[in-house]
Amino acid sequence: MPRMKKKRDFSKNCSEKSEVSGLSTVCAIATPAAVGGISVVRISGERAFEIAEKVFKPINRTVREMRGYTAAYGKIFDGEERLDDGVLLVFRAPYSYTGEDVCEISCHGGIYVTRRVVSACIKAGAEPAAAGEFTKRALLNGKMSLTQAEAVADIISAQGEQSLSCSNTMREGALFRECERIGEKLTEISSYISAWIDYPDDDTPVVTPEWLTERLEDVNNDFSRLLKNYDTGKLIREGISCAIVGKPNVGKSTLMNLLSGEERSIVSAVEGTTRDVVEETVNLGGAVLKLSDCAGIRETSDEVEKIGVGIMLKKLENANIVLAVFDGSREISEEDERLFGLIEDKTVIPVINKSDLSQRLDVERLEERLGRCVVISAKDEKSIEMLGKEITARLNISNFDANAGFLANERQRGCVLRAKAAVENALMAVKSGITPDAVGVELEESLNAVFELSGKSASEEVIARVFERFCVGK
Ligand code: GDP
């Protein structure tokens, strides 16, 4: 018998009061465990004010007197021992990040002093917060949906402009709204079927196979769109792995240095200089590019260089996009030809380099083999923008509309795959003339998966897995 999973409604619900009582009051350092100007210790829960009052003494007033969204300068104590001076910020439930009473103590940013402030809070009655505990409480208190909570983790790990902006769109509820929209469509179809089955003699609209097919296909298309955008969203969030390949001396290292703005790859006129793979992460046109400058493609007896070529082949296999570099001042050689075979099934941008020299390469012939070329000089800064535009266009990143809602992780994708499979089963049932009640069962399964995606009915296990990737203090 399947194990029953405990489910709770984690839908967005901006309730006036904290809904989750009985939770202990927790505290944690909300800033990195490193030396800095200030550190922040966050306390959240019913006893936040009582605990803050024991640790923090504001000048001229008490913590309890402080209104929400106000700050006070004061002294920080561990019992009788004075630890530091600092600022206390208070938020009164439900108008805080967690929806509970929250106090945030800013102290000087030393690792030792910050730990002492946390330990003083624990002595005063707080419990150490688990990873993601504050965001989890925000979810439990209806401050955000599950997909919005996931977006918080994505905002923290965002490395580039595009991934940050997409995560913010998600944080504002783009995917949650899309789930609601699809959920409403599924509920509507279900209710028509139920009405028709339960009250066939009444004045209920007749559910015809054509009507059902049209509605189900519409929902199926919504799922397809979400799944289609998944890979693009992933590229935006996790970065684009980009292999720079080509025979020796075409200018791969010069290009890598131009894009990364650093002299990392060794540039020289002696063939076979880049023996290993040099890697760099750069921001290009808002996207994060994980560049690998690979060893030159050529037959070699040099053992070390052979290893480099082996690693290059692996990088090539895993690359989202390949910049295949050619020397425009020379004709295509046999070594260039060898490259064609290695990259034919990849997304390739043929880059004709050294445009500042007189050109001998047959561009038309190359375009016939590899598609539209970009002609650049790796010694010219203008090439950066040209390549950035081409990369984002080729990977469809420039057309990506985060506002329409997109899937940000495997959990979300798994839910959509399940929801879509159920709708496809329903479509098959309609085609094979099976009774509408069987269709209704599939619709319910699909709706469950959509609700799990948005968090409207996610199990405790699912929630625990989501918060595993958070840091302590968030
Ligand atoms: P790799 O072996 O493919 O990594 O090639 P390198 O980046 O080491 O460059 C080989 C040689 O070509 C060096 O002498 C570079 O200065 C030169 N080079 C690279 N790009 C250009 C370019 O756009 N124009 C010119 N004139 N020379 C270039």
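Residues numbered from 1 in each chain as written. Predicted model: local features only at pLDDT ≥ 70, side-chain atom pairs only at ≥ 80, totals over all residues. Heavy atoms only, no water.

**Student:** Outline the site of the ligand, listing residues and values.
**Tutor:** The local shell around the ligand holds 18 residues, among which N249, K252, S253, T254 and S377 are the closest. At 3.2 Å, a backbone N or O of V250 approaches an oxygen atom of the ligand. When the ligand is considered free in solution it has 580 Å² of accessible area, and contact with the protein chains removes 88% of it. When residues in the shell around the ligand are grouped by element, the largest group, 3 residues, is from helix α8 (residues 252-260). For the shell around the ligand, a count of residues per class yields 5 nonpolar, 8 polar and 5 charged. (Near = heavy atom within 4 Å. Polar contact = N/O pair within 3.5 Å; in protein donor to acceptor, adjacent residues only side chain to side chain. Areas by Shrake-Rupley, 256 points an atom, 1.4 Å probe, with all protein chains shown as cover. Helix = DSSP H or I, 4+ residues; strand = E, 2+ residues; numbered from the N terminus. Nonpolar A, V, L, I, M, F, W, Y, C, P; charged D, E, K, R; others polar.)

**Student:** Give a detailed account of the pattern of salt bridges, specifying residues and quantitative values.
**Tutor:** Scanning all chains against the criterion turns up 33 salt bridges. Residue R181 is joined to E178 by a salt bridge in which the shortest nitrogen-to-oxygen separation is 2.9 Å. Of this pair, R181 and E178 both sit in helix α6 (residues 174-198), 3 residues apart, roughly one helical turn. One salt-bridge network, held together by shared partners, links E178, R181, K185, D218, D222 and R225. (Salt bridge = Lys/Arg side-chain N within 4 Å of Asp/Glu carboxyl O.)

**Student:** Help me get a handle on the packing of aromatic side chains, residues and values and all.
**Tutor:** The final tally for this structure, using the stated rule, is 4 aromatic pairs. On the numbers, 5.8 Å between centres and 85 degrees between planes, the contact of Y69 with F91 is edge-to-face. One end of the pair, Y69, is in the loop between β4 (56-58) and β5 (70-78); the other, F91, is in strand β6 (residues 81-91), and 22 residues separate them in sequence. Ring geometry for F400 and F406: centres 5.3 Å apart, planes at 70 degrees, overall edge-to-face. In this pair, the class of F400 matches that of F406, namely buried. R92 extends its terminal NZ or CZ atom over the ring of F49, reaching a point 3.9 Å from the ring centre. (Phe/Tyr/Trp six-rings, centres within 6.5 Å; stacked < 30°, edge-to-face > 60°. Buried < 20%, exposed > 50% of the residue type's maximum accessible area, 1.4 Å probe, protein only. Lys NZ or Arg CZ within 6 Å of the ring centre and 35° of its normal.)

**Student:** With reference to specific residues and values, describe the environment of I332.
**Tutor:** Along the chain, I332 turns up in the loop between β12 (321-327) and α10 (334-343). Using a relative accessible area of 18% as the deciding quantity, one classes I332 as buried. Sequence spacing of I332 and L366 is 34 residues, and the spatial spacing of their C-alpha atoms is 8.4 Å. If we ignore the near neighbours within four places in the chain, the residues touching I332 are F326, E337, L361, R365 and L366. (Contact = heavy atoms within 4.5 Å.)

**Student:** Go over the sheet that holds strand β2 (residues 26-29) with me, naming the residues and quoting the values.
**Tutor:** Read from one edge to the other, the open sheet built from 7 strands follows the order β4-β5-β6-β7-β3-β2-β8, with strand pairing classed as mixed. Each edge of the sheet is formed by a strand with only one pairing partner; in this case those strands are β4 and β8 (127-128). Relative to β5, β4 is paired through 3 bridges, and the arrangement is antiparallel. Of the residues in β5, the one forming a bridge with K57 is K75. Sheet strands in contact with helix α1 (residues 48-55) are β3 (36-44), β4, β5, β6 and β7 (102-109), and its direction is about 80 degrees off that of β4. With respect to the sheet, helix α2 (residues 111-123) is in contact with β2, β3, β5, β6, β7 and β8, its orientation differing from that of β7 by roughly 150 degrees. (Pairing = 2+ DSSP bridges. Axes fitted to C-alpha atoms, helices over the stretch in contact; angles between N-to-C directions.)

**Student:** I'd like a rundown of unusual backbone geometry, residues and numbers included.
**Tutor:** Here the residue pair A93 and P94 is connected by a cis peptide bond, since its omega of 5 degrees sits within 30 degrees of zero. One can find P94 in the loop between β6 and β7. The residue N249 is not glycine, and still its phi comes out positive at about 75 degrees. Position of N249 among the secondary structure elements: in the loop between β9 (240-245) and α8. We classify N249 as partly exposed; its relative accessible area is 24%. With phi around 65 degrees, K354 is a residue other than glycine that occupies positive phi space. Checked against the element boundaries, K354 lands in the loop between β13 (348-353) and α11 (363-370).

**Student:** Explain a negative patch on the surface to me, using residue names and the numbers behind them.
**Tutor:** On the surface, a cluster of negative charge is contributed by D362, E364, E367 and E368. With respect to the element layout, E368 can be found in helix α11. Classification of E368 as exposed rests on a relative accessible area of 68%. (Patch = residues over 30% accessible without salt bridge, like charges linked within 9 Å, V, L, I, M, F, W, Y side chains within 5 Å. Lys, Arg positive; Asp, Glu negative; His and termini not counted. Charge placed at Lys NZ, Arg CZ, Asp CG, Glu CD.)

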